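# Results of the structural survey
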Protein chains: 2
Amino acid sequence: MAARPANAAPIGVFDSGVGGLTVLRALRTALPQEDFLYLGDTARLPYGTKGAGTVVRYALQASQLLVDRGIKCLVVACNTASAVALPAMRTAFAGLPVIGVIEPGAAAACAATRNGHIAVIATDGTVRGGAYPAAIHALRPDARVSAAACQVFVALAEEGWTDGAVAKSAAQRYLGELFGAAADDSPDTLVLGCTHFPMLIGPIRAVVGGKVAIVDSAATVAQATDRLLQDHDLRGNGNGRLTLLATDAPERFARVGSAFLGDAIGAGQIELVDLNPAGRRAGAGTPPR
Amino acid sequence: MAARPANAAPIGVFDSGVGGLTVLRALRTALPQEDFLYLGDTARLPYGTKGAGTVVRYALQASQLLVDRGIKCLVVACNTASAVALPAMRTAFAGLPVIGVIEPGAAAACAATRNGHIAVIATDGTVRGGAYPAAIHALRPDARVSAAACQVFVALAEEGWTDGAVAKSAAQRYLGELFGAAADDSPDTLVLGCTHFPMLIGPIRAVVGGKVAIVDSAATVAQATDRLLQDHDLRGNGNGRLTLLATDAPERFARVGSAFLGDAIGAGQIELVDLNPAGRRAGAGTPPR
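Residues numbered from 1 in each chain as written. Chains lettered and ligands numbered in written order. Predicted model: local features only at pLDDT ≥ 70, side-chain atom pairs only at ≥ 80, totals over all residues. Heavy atoms only, no water.

## Remarks on the overall build of chain A
Defined as follows: By the criteria applied, helices consist of DSSP H or I runs no shorter than four residues and strands consist of E runs no shorter than two, each listed in order from the N terminus. Taken over C-alpha atoms, the radius of gyration is set against a globule rule of 2.2 Å times the number of residues to the power 0.38. A simple rule labels every residue: compare its accessible area, found with a 1.4 Å probe on the protein chains alone, to the largest value its type can have, and call it buried under 20%, exposed over 50%, or partly exposed in between. Contacts are assigned to residue pairs with any non-hydrogen atoms lying within 4.5 Å of each other. Working definition of accessibility: Shrake-Rupley area with a 1.4 Å probe, residue cover restricted to the visible protein chains.
Each helix and strand in chain A was counted, giving 12 helices and 10 strands. Taking 289 residues into account, the globule formula puts the C-alpha radius of gyration at 19 Å, and chain A, at 19 Å, falls close to it. For the C-alpha atoms alone, the extent of chain A along its principal axes is close to 65 × 40 × 35 Å. Within chain A, the fraction of its 289 residues that count as buried is 58%. Partitioning the contacts of chain A with sequence separation of at least 6, the portion at a separation of at least 24 is 76%. A total accessible area of about 11,100 Å² is found for chain A, and carbon and sulfur atoms account for 52% of it.

Shown next, in the form of C-alpha cells:
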C-alpha cells in the first residue's frame, strides 16, 4: 500500500487549552481545503503562569503526539509555548515546518504601525518572557514596545463575559492609561498576544478607539500557514475534516471551546488522550481514566 | 537518637497553588505554636477545571511528598481536592489525620443559617462535583442550597483586583440576582467555597448586604484543626516555623502569595520540588530544572 501523500496529511494545531481554537477558526476560514488535528493540553493548562522549563517539556510531549499521528506541519497556537519552546520543537521535529504565533504577529504589527509605538497585551508568562518585544525589535530596531499582562482577560473569555460591565471595566483598567495619553505618544498598534483576547475585541476596541490597528495573531498565523504550505508544496485537497484531542475535561472543552471555535462542539467529538510518557507506552493512546 | 515526638512535627497544608495560603494564614493565627509545611502544586494548577480522576492522582502525589517529610496531620486546603480526593487520601495515609475544607464549611453554614437557605460559591469543578450540597444535606436534610460557580473571582484575586469597578461588577453579576430576591426567599448564609474568595470579601459583602452570614472556610478549618490536634493529643510547642514548597514558578508564588498569606514572601524562601515520580526517584527532592 502506498504511503499517504504528505499534502493529504492534516495540519497539527497545538495549544495549552481552548484558546488556540480562535487560531483554528482563522485557519479553517483561510484554508477550507485542509484537514486539522487539534490538541488542547487541558490537563496542564494554563501554560502562561508556568516556568519556561516546564513549558518546553509540556510542549514537546504534546507535539510529539501530533507528530506521531502524521501531520504535515505544526501550528503552535499557544503564545507561551511559541515564546519559549519553538527552538526546542524545531530541533526535536527536524524537517517538519513549525509555525508559532509570535513572529507573524510581530511582523503584522511592524507593517501596521506608523508612529513606531506598538502595544502588546498577553499573559503574565508571555510578557515576562519578552518574546514579542524581541521579535518586533528584530524587524524594527527603533520600535517602542509597551507590553502589558492582562491575565484577567483569560478568565473573562473562558466565562463567556466578552461584553458587559465587567469586561468593559477590565479593559479600561488594563488599557485606559496607555491609550489615554496624548495622541502622538500613545501606541497606534495593539497586538493581541494571547489567543483568548480576540474574544474580547469589543471592549478592547471601545477603550483603544477606532484609529488603533489591532493585530489579531489568529488571522496573521493563518496567512503565514497558507504561505508556508505553498512554499513547501504542501497544500491539501481535503474537505476540512476536524479532529479534536484534549488531555482532560472534554465537557468543559466543548462548552467553553464552542464560542472560541465559532462552531458547536459536542463533548463526544473530543478524543481524550494521555501525554504521560508511561501511560502512552502502556496504553497506546487510550484514555487513562 | 530518639525519634522526634509526633507533636513536634509540622502540620502539612496542601493546595493546588497560592489559594491555600488564606487557610494557612488562618491556621497560623489560630495556632501560633505550630510549625507548618505548605505545598502549592503550582505546576499543575488550577485543579478546579480538571477531571476528578486527574485531581485524585495529583492530590495523592502531592500529599505523599508532605507525608514523606514527616507531618503530624494534613490539611487539604484545596476545595477541589477536598471535594473529590479526601476518601482516597484517608485510605492512602491510614493513621494520619486528614482535614478537608468542605465539611467544616458545611457545618459552619448549617450552624449559621436561620431560614435554611444556604448559598455556596466556588470554582466550576467544586460546584459540578456537588460536594458542598452533599455535606450540607448530610447535616441538615431540609436545607436549600444554591450553588454558583464564580470562576472569574479566582483571576481577580490573583491579579490583586480585590476591590474597584471590576471586582464590584463581577460580584454583582454573580450574586446580584440570587441575593436580590425577596428577603424571605434569598439565602441568609453564604459559603466561600474557594480559598481565593476571602480576598474578595469587600465586593462580595457589598452585594449580599450586612445581614447575610459569610462562612469563610479558612477560619472554620483552623478551628477544626485545633480540635483535631486536641483530640489526638498532638498540639505542638513550636515557634511557628513556616516552610513553603512549590512545584513551579516560585517568583509568581511569592508575588501573588504574599497578599494571600498576609505576610511578605520572598522567592528565595520557596523550595522548588518535583512531584514527577521518575524525577523524585532519581533526584531525591532536588529541583528538576
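Now that the structure has been shown, the text picks up again.
## Considering the environment of threonine 91 of chain B
Residue and element names in this part refer to chain B. For the record, the criterion: Two N or O atoms count as a polar contact when they lie within 3.5 Å, although within protein this holds only if one can serve as hydrogen donor and the other as acceptor, and sequence-adjacent residues are included solely when both atoms are side-chain atoms.
For threonine 91, the location among the structural elements is in helix H3 (residues 79-92). When its relative accessible area of 64% is taken as the criterion, threonine 91 is described as exposed. Sequence-wise, threonine 91 and asparagine 79 are 12 residues apart; in three dimensions their C-alpha atoms are separated by 19 Å. A distance of 3.0 Å separates the side chain of threonine 91 from the backbone oxygen of proline 87, its partner in a polar contact.

## A word on the sheet that holds strand E2 (residues 36-40) of chain A
All names here are of chain A. Operational definition: Two strands pair under a simple rule: DSSP has to find at least two bridges between them. An axis is simply a line fitted to the C-alpha atoms; with a helix, the fit covers only the stretch in contact. Between two such axes, the angle follows the N-to-C directions and lies from 0 to 180 degrees.
Strand order in this open sheet of six strands is E4-E3-E1-E2-E9-E10, and the pairing throughout is parallel. The sheet is open, and its two borders are formed by strand E4 (98-99) and strand E10 (270-272), each paired with just one other strand. Sheet analysis places strand E1 (residues 11-15) next to E2, joined by five bridges and oriented parallel. Bridging across to E2, phenylalanine 14 finds its partner in leucine 39. Running at roughly 155° to E1, helix H2 (residues 52-68) makes contact with E1, E2, strand E3 (73-76) and strand E9 (242-246) of the sheet. Helix-sheet contacts for helix H10 (residues 217-231) involve E1, E3 and E4, and the interaxial angle to E3 is about 165°.

## Structural notes on the confidence of the model for chain A
Residue and element names in this part refer to chain A. Note the following rule: Confidence of the predictor at the level of single residues is given by pLDDT, which spans 0 to 100.
Confidence in the prediction of chain A, expressed as mean pLDDT, is 91, and 93% of residues score 70 or more. Every residue in residues 279-289 is under pLDDT 50, and counting partners more than four places away or in other chains gives 20 contacts. For this predicted complex, the interface confidence comes out at an ipTM of 0.86, alongside a pTM of 0.89.

## Overview of the packing of helix H8 (residues 165-179) of chain B against helix H9 (residues 201-208) of chain B
Residue and element names in this part refer to chain B. Definition in use: What makes a crossing left-handed is the near helix being turned counterclockwise from the far one by less than a right angle; a clockwise turn instead makes it right-handed. For this classification, Asp, Glu, Lys and Arg are treated as charged, while Ala, Val, Leu, Ile, Met, Phe, Trp, Tyr, Cys and Pro are nonpolar and the rest, including Gly, are polar.
At a minimum axis separation of 9 Å, H8 and H9 run at an interaxial angle of 35°. Our pair here, H8 against H9, has a crossing hand that is right-handed. In this structure, H8 contributes Ala167, Lys168, Ala171, Gln172, Leu175, Gly176 and Phe179 to the contact, and H9 contributes Pro203, Ile204, Val207 and Val208. The residue inventory of the contact of H8 with H9, partitioned by class, reads eight nonpolar, two polar and one charged.

## Some details on the side chain of aspartate 188 of chain B
Residues and elements named next belong to chain B. Mapping aspartate 188 onto the fold places it in the loop between H8 and strand E7 (189-192). Overall, the relative accessible area of 7% leaves aspartate 188 in the buried class. Filtering out sequence-adjacent residues up to four positions away, aspartate 188 remains in contact with Thr113, Arg114, Asn115, His117, Lys211, Val212 and Ala213.

## Observations concerning the domain arrangement of chain A
All names here are of chain A. For clarity, the cut-off: Start and end points for every domain follow an automatic or database-based domain assignment. As used here, buried area is the combined drop in accessible area, with a 1.4 Å probe, of two parts when they are placed together.
According to the domain assignment, chain A consists of domain 1 (6-100 + 220-283) and domain 2 (102-217). Relative placement of domain 1 and domain 2: their C-alpha centres are 24 Å apart. Every contact between the two is made by 23 residues of domain 1 and, on the other side, 23 residues of domain 2. Where domain 1 abuts domain 2, roughly 1,600 Å² becomes buried across the two surfaces, and 58% of that area is made up of carbon and sulfur atoms.

## A look at the packing of aromatic side chains
For clarity, the threshold we go by: Here is the rule: rings of Phe, Tyr and Trp (six-membered ring for Trp) pair when centre to centre is within 6.5 Å. Planes less than 30 degrees apart are stacked, more than 60 are edge-to-face, and the remainder are tilted. Any Lys NZ or Arg CZ that is within 6 Å of a ring centre and within 35 degrees of that ring's normal is treated as a charge sitting over the ring.
Under the defined criterion, the tally for this structure stands at 12 aromatic pairs over all chains. Taken together, a centroid distance of 5.3 Å and an interplanar angle of 85° make the contact between phenylalanine 153 of chain B and phenylalanine 197 of chain B edge-to-face. Residue phenylalanine 153 of chain B is found in helix H7 (residues 151-159), and its partner phenylalanine 197 of chain B is found in the loop between E7 and H9; the two are separated by 44 residues along the sequence. Accessibility assignment for this pair places phenylalanine 153 of chain B and phenylalanine 197 of chain B in one class, buried. Here the aromatic cluster, defined as three or more aromatic residues joined through ring pairs, consists of Phe153, Tyr174 and Phe197 of chain A together with Trp161 of chain B. Above the ring of tyrosine 58 of chain A, the side-chain terminus of arginine 44 of chain A is found at 3.8 Å from the ring centroid.

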